Amino acid sequence: MHSPTPRLAVDAIGGALVCACLAVGAWFAFGPPRQAAATLRANRDEVLRLDDEVSQMRSALLAAQAQLQATRDRVQSLGALPRQMQLEQDLNTIAELARANNLSLSDVAPVATTDYPGIRETRYTIRGTGRFADWMAFLQAFEASPFWADITNLDMGAPHSSRAAAGAVPETTLTVSFYAATEPAGPAAEESTEK
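Residues numbered from 1 in each chain as written. Predicted model: local features only at pLDDT ≥ 70, side-chain atom pairs only at ≥ 80, totals over all residues. Heavy atoms only, no water.

Engineer: Describe in detail the overall build of the protein chain, supporting the description with residues and values.
Structural biologist: Regarding its fold elements, the protein chain presents five helices and four strands. Burial analysis of the protein chain (195 residues in total) assigns 19% to the buried set. Considering only intrachain contacts with a sequence separation of at least 6, the fraction spanning at least 24 residues in the protein chain is 66%. With an accessible surface of roughly 14400 Å², the protein chain has 59% of that area assigned to carbon and sulfur atoms. (Helix = DSSP H or I, 4+ residues; strand = E, 2+ residues; numbered from the N terminus. Buried < 20%, exposed > 50% of the residue type's maximum accessible area, 1.4 Å probe, protein only. Contact = heavy atoms within 4.5 Å. Areas by Shrake-Rupley, 256 points an atom, 1.4 Å probe, with all protein chains shown as cover.)

Rendered as structure tokens:
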């Protein structure tokens with residue numbers, strides 16, 4: 001006859017194994033693995049969103065690089081700053097533009113020359129009279145001209161009281177800056193003079 005104790009021990013061990021299997025199943029079904037799966041899904045969605053943002057940023061970067069290259073090409077097509085100013089020629093061009101736009105210039109006078117690193121600026125004051133519409137046409141023609149000059153100040157005054165009749169025109173004063181390239185100052189220029 002067999003002793004009942006081993007059979008009870010086997011039943012107890014079997015019951016314990018069944019309970020352990022149920023506990024492990026419940027742990028996998030409702031415990032940390034389920035939370036890990038939810039976290040994994042959220043992380044995957046975040047990665048997809050970030051990947052989309054990176055793709056958009058890459059497209060924006062490519063567009064900005066294309067725009068930068070187009071700007072560089074445009075600057076290159078405008079040409080380099082001249083080494084010498086053609087003041088007489090440029091002032092004659094301005095006078096021709098004024099005449100072509102029915103303006104009367106009364107005074108052209110140098111103001112100052114200023115040197116900046118690599119650039120020399122020479123300013124002239126130009127005074128004249130004309131109608132507002134004629135000045136606007138002159139400014140458009142000036143802007144389209146190929147010389148290296150800018151209008152850095154424009155002062156359009158009221159007509160003189162002695163000419164305050166119906167057809168009086170205001171006197172306008174322009175400050176025009178002309179530019180030319182200069183040799184860069186500093187170590188590079190010193191090295192080139194030593195050689």
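Engineer: Describe the sheet that holds strand E4 (residues 171–181), and please don't skip the residues or the numbers.
Structural biologist: Spatially, E1-E2-E4-E3 is the arrangement adopted by the four strands of the open sheet, whose pairing is antiparallel. Of all strands in the sheet, those bounded by a partner on one side alone are strand E1 (104–116) and strand E3 (149–156). Neighbour-to-neighbour, the strand axes of the sheet open up by a mean angle of 20°, direction not taken into account. Pairing between E1 and strand E2 (residues 119–129): eleven bridges, direction antiparallel. The residue bridging Asp 107 from the neighbouring strand is Arg 127, located in E2. Across the sheet, helix H4 (residues 132–144) touches E1, E2, E3 and E4, and the angle it forms with E3 is around 170°. (Pairing = 2+ DSSP bridges. Axes fitted to C-alpha atoms, helices over the stretch in contact; angles between N-to-C directions.)

Engineer: Lay out the nonpolar core in plain terms, naming residues and giving numbers.
Structural biologist: In terms of nonpolar packing, the biggest core is built from 15 residues, with Ile 94, Phe 138, Phe 142, Val 176 and Phe 178 touching the most fellow members. Counting only elements with at least two residues in this core, the list comes to helix H3 (87–100), E2, H4 and E4. Ranked by the residues each element gives to this core, the list is headed by H3, at four residues. Those residues in contact with Phe 142 that sit more than four places away from it in its chain are Ile 94, Leu 97, Phe 147, Ala 149, Asp 150, Ile 151 and Val 176. (Core = buried A, V, L, I, M, F, W, Y, C linked by side-chain atoms within 4.5 Å.)

Engineer: So what about the side chain of Thr 175? Which residues, and what values?
Structural biologist: Residue position: Thr 175 is located in strand E4. In this structure Thr 175 comes out as buried when scored by relative accessible area, which is 14%. Non-local contacts of Thr 175, meaning those with residues more than four positions away in its chain, are made with Arg 123, Tyr 124, Thr 125, Asp 150, Ile 151, Thr 152 and Asn 153.

Engineer: Explain unusual backbone geometry to me, and be specific about the residues and the numbers.
Structural biologist: Backbone geometry places Asn 102, a non-glycine residue, at a positive phi of 60°. Tracing the backbone through its elements, the reader meets Asn 102 in the loop between H3 and E1.

Engineer: Got a sec to walk through H3? Specific residues and values, please.
Structural biologist: The first and last C-alpha atoms of H3 sit 20 Å apart over 14 residues, in line with the 20 Å expected at 1.5 Å per residue. Within H3, burial applies to Asp 90, Leu 91, Ile 94, Ala 95, Leu 97 and Ala 98. Along the long axis of H3, the arc covered by the buried residues comes to 160°, so they all point the same way. Opposite the buried face of H3, by more than 90 degrees, sit the exposed residues Glu 88, Arg 99 and Ala 100. Looking at the buried side of H3, the elements it contacts are E1, E2, H4 and E4. Of the residues trailing H3, Asn 102 is marked for its positive phi of about 60°. (Expected span 1.5 Å × (residues − 1). Arc of directions from axis to C-beta.)

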